[in-house]
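Working through the structure, step by step
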Amino acid sequence: MLPLPQLLAELVRLPSVNPMGRADIDPALVHESRVTDFLEAQLRAIGCEFYRQRVAAGRENLVATYTPPGPVPFHVLFEAHQDTVPVDGMIVEPFGAKIEGGKLYGRGSCDVKGGGAVMLTAFARLIREKPAGSAKVTLAFTVDEEHGGAGIQELMASGFRADCAIVAEPTLLNIVNAHKGVARWALETTGRACHSSRPEQGVNAVYRMARLLGGIEEYAQKLQSAPADPVLGSRTISVGRVTGGVSPNTVPDFCRADVDRRLLPGETYESATAELEAVLKALPGADFPFVLARSSAGCLPLSPALSVDLVKRFGAAIDSVTGGHIVHPVPFGTDAATVAAAGVPVVVFGPGDIAQAHTKDEWIDLAQLEPAAEILFRFACGK
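The written sequence of each chain sets the order in which its residues are numbered from 1. Local features in this predicted model are restricted to residues whose pLDDT is 70 or higher, and side-chain atom pairs enter the listing and the counts only when it is 80 or higher, whereas totals over whole chains, interfaces and linings include all residues. Excluding hydrogens and water, the side-chain figures rest on all heavy atoms present in the structure.

Let's talk about empty space enclosed by the protein
Buriedness of a pocket was judged along seven lines, with at least five required to meet protein on both sides within 12 Å; pockets are open sets of points on a 1 Å grid over the protein atoms alone, cavities are sets where a 1.4 Å probe fits but cannot get out, and lining residues have an atom within 4 Å of a point. Grid points are joined across faces, edges and corners, and a volume is the space filled by probe spheres set on the points. For the coordinates displayed, the defined rule picks out 1 cavity of 30 Å³ or more. Computed from the structure, the largest cavity encloses a volume of approximately 60 Å³. Surrounding the largest cavity, Leu11, Val35, Leu39, Ala80, His81, Gln82, Val112, Lys113, Gly116, Ala117 and Phe141 form its lining. In DSSP terms, a helix is any run of H or I states spanning at least four residues, a strand is any run of E spanning at least two, and both are numbered starting from the N terminus. Elements that contribute at least two residues to the lining of the largest cavity include exactly helix 2 (33-46), strand 3 (75-81) and helix 3 (109-129). Looking at which element gives the most residues to the lining of the largest cavity, the answer is helix 3, with 4 residues. When residue character is reported, Ala, Val, Leu, Ile, Met, Phe, Trp, Tyr, Cys and Pro are called nonpolar, Asp, Glu, Lys and Arg charged, and the others, Gly included, polar. Broken down by class, the residue content of the lining of the largest cavity amounts to 7 nonpolar, 3 polar and 1 charged.

Considering the sheet that holds strand 13 (residues 254-263)
What the 4 strands build is an open sheet, ordered 11-13-9-14; its pairing is antiparallel. Every other strand in the sheet has two partners, leaving strand 11 (236-244) and strand 14 (290-294) as the edge strands with one partner each. Within the sheet, the average angular offset between the axes of one strand and its neighbour, ignoring direction, is 20°. Only when DSSP finds a minimum of two bridges between them are two strands counted as paired. Judged from the 10 bridges that link them, strand 9 (residues 181-190) and strand 13 form a sheet pairing that is antiparallel. Looking across to strand 13, one finds that Val182 is bridged to Arg262. Lines fitted to C-alpha atoms define the axes here, with helix axes fitted over just the stretch in contact, and angles between the N-to-C directions of these axes take values from 0 to 180 degrees.

Overview of the packing of aromatic side chains
For this analysis, a ring pair means two rings from Phe, Tyr or Trp (six-membered ring only for Trp) whose centres lie within 6.5 Å, classed as stacked if their planes differ by under 30 degrees, edge-to-face if by over 60, and tilted for the remaining angles. A complete count under the given rule lists 4 aromatic pairs for this structure. Here Phe314 and Phe379 contribute two aromatic rings whose centre-to-centre distance is 5.2 Å and whose plane-to-plane angle is 80°, an arrangement assigned as edge-to-face. Placement of Phe314 in helix 7 (residues 308-322) and of Phe379 in helix 9 (residues 369-380) is noted, with a sequence separation of 65 residues between them. We classify Phe314 as buried; its relative accessible area is 0%. Partly exposed describes any residue whose relative accessible area lies between the buried limit of under 20% and the exposed limit of over 50%, with all areas from a 1.4 Å probe on protein chains only and scaled to the type maximum.

Focus on the pattern of salt bridges
Only one rule defines a salt bridge in this text: a Lys or Arg side-chain nitrogen within 4 Å of an Asp or Glu carboxyl oxygen. Within this structure, the stated rule accounts for 23 salt bridges. Between Lys98 and Glu100 there is a salt bridge, and its shortest N-O distance comes to 3.7 Å. Exposure remark for Glu100: the relative accessible area of 44% places this residue in the partly exposed category. In this structure, Glu267 engages Arg235 in a salt bridge whose closest nitrogen and oxygen atoms are separated by 3.1 Å. A residue pair is termed long-range when its members are at least 10 positions apart, and Glu267 in the loop between strand 13 and helix 6 (269-281) and Arg235 in the loop between helix 5 (205-225) and strand 11 qualify at 32 residues. Like Arg235, Glu267 is buried. Each of Asp37, Glu40, Arg44, Arg52 and Glu60 takes part in one network of salt bridges that share partners.

Looking at the nonpolar core
The term nonpolar core refers to a set of buried residues drawn from Ala, Val, Leu, Ile, Met, Phe, Trp, Tyr and Cys, joined through side-chain atoms within 4.5 Å. By size, the foremost hydrophobic cluster in this structure holds 58 residues, and its most contacted members are Phe123, Ile166 and Phe314. Per element, the largest residue contribution to this core is 10 residues, and it comes from helix 3. Apart from residues lying up to four places away in sequence, Ile166 is in contact with Val76, Leu77, Phe78, Glu79, Met119, Phe314, Val347, Phe349, Leu376 and Phe379. Core analysis: the next-biggest nonpolar cluster, separate from the first, contains 24 residues, Met209, Ile237, Ala286 and Phe288 among them. Between two residues, a contact is recorded if the distance between any of their heavy atoms is within 4.5 Å.

Let's talk about the pairing of strand 2 (residues 59-66)
A large share of strand 2 lies buried, amounting to 6 of its 8 residues. Pairing of strand 1 (residues 49-56) with strand 2 involves 7 bridges; the strand directions are antiparallel. Residue Glu49 lies in a different strand from strand 2, and its bridge partner there is Thr65. Of the pairings in the sheet, the one linking strand 2 to strand 6 (residues 136-142) comprises 5 bridges and is antiparallel in character. Each residue of the ladder has a partner; that of Val63, found in strand 6, is Ala140.

Some thoughts on the side chain of Ser234
Mapped onto the elements, Ser234 comes out in the loop between helix 5 and strand 11. Classification of Ser234 by relative accessible area gives buried; the value is 15%. Apart from residues no more than four positions distant in its own chain, Ser234 is found in contact with Lys180, Leu223, Gln224, Ala228 and Leu264.

What to know about the environment of Gly266
Secondary-structure assignment places Gly266 in the loop between strand 13 and helix 6. Under the relative-accessibility criterion, Gly266 is labelled exposed at 79%. Each C-alpha atom of the pair Gly266 and Pro301 lies 8.0 Å from the other, and the pair is 35 residues apart in sequence.

Things to note about the state of the cysteines
Two cysteine sulfurs form what is called a disulfide whenever their separation falls within 2.5 Å. Per the stated rule, a full pass over the model turns up 0 disulfides. Cysteine Cys110 is unpaired, with the sulfur of Cys299 as its nearest cysteine sulfur at 18 Å. Free cysteine Cys194: the closest other cysteine sulfur is in Cys255, separated by 16 Å.

Describing the packing of helix 7 against helix 9
When two helices pack together, their arrangement is given by the angle between their axes and by how far apart the axes lie. Where helix 7 contacts helix 9, the two axes come as close as 9 Å, and the packing angle between them is 130°. It follows that helix 7 is oblique to helix 9 by the angle criterion. Considering how the two elements wind past one another, helix 7 and helix 9 form a crossing that is right-handed. Counted together, Leu310, Arg313, Phe314, Ala317, Ile318, Ser320, Val321 and Thr322 of helix 7 and Pro371, Glu374, Ile375, Leu376, Arg378 and Phe379 of helix 9 form the full contact between these two elements. Working definition: roughly parallel below 35 degrees, roughly antiparallel above 145 degrees, roughly perpendicular at 65 to 115 degrees, and oblique for all remaining angles. A crossing counts as left-handed when the near helix is turned anticlockwise from the far one by less than a right angle, and as right-handed when that turn is clockwise.

Some points on the environment of Leu11
Residue placement: Leu11 occurs in helix 1 (residues 4-12). Residue class for Leu11 comes out buried when judged on its relative accessible area of 4%. Through-space distance from the C-alpha of Leu11 to that of His325 is 28 Å; in sequence the pair is 314 residues apart. When residues no more than four places from it in sequence are discounted, the contact partners of Leu11 are Val35, Phe38, Leu39, Lys113 and Ala117.

What is shown is where atoms sit, not what they do.
Right under this line is the structure:
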């Protein structure tokens, strides 16, 4: 196995950009196949059982298993996603893997190839040392986390189960045990186009949208003032983008708004959709048709209820290496929610700081890599 900084550098040098529905990204950069092939070569070199799981054309999960020689005390899933967000606007070479000042720069270095590298390193050490009393470990490198979560959904839908799971995300070597979920919609209104010199002859789709947006703003304020979750806080809704029309001198016959809703435990995409539709249909003056369509797979919320025992056990492994840790929720979504929905206790953990994820100069502190790998190894050994 390569030294951790070198392993991470090799991963960063391999583009695995999730196009996230865009068609304007260089095909040489998109999807995870280059990373999948590289990781497969690493798994072959350490001599473990593994398989590829097709999720979509050219996009495959890679799943490996270590089974200890003796009785199996528990089975743990280590999961990390292979994809990254696009590289628009970056001020460092996205795939250069430059190391400077104890930091490695590049797209995915923090989110989440650093976490994937430490999981592979801990996994390889288990295979090499075969410590007595260690757990069975499944290492899964999944696809499409950054957009739809199709990879982890396919893994769990296949019937895979473990006694517990660790999902890689940058947490500064702390434990994340809860997060909000995400629902996203495309809200669309239509009208009738005409020349802007005679707007009375048309129906302005933008004006119609404006009425709906005013209602969403009022709804957002109600969500903020409603009773909050004691861990995760308030439900929220936000409009992130509005597009419509073709020119200043044409009354627009179409308008679209992209809407983002953050969910609390107990909420689902379906319940959030029904609630928003009811709000919009009840608006004064909104006596026109509109469409509220799902625009992404979204993400379920992660409740801390299932992981109470795991938090204690994994926290002990962290403390044995770093001397302390914190347990906290986050507002962003992760693959952990899909794992928990299948009944598997799960926490989120990894090197790096989420503040550096998706940034124009994304980087990770290399000093966190070795401790992260040691923590995962010790946990698998039951220490």
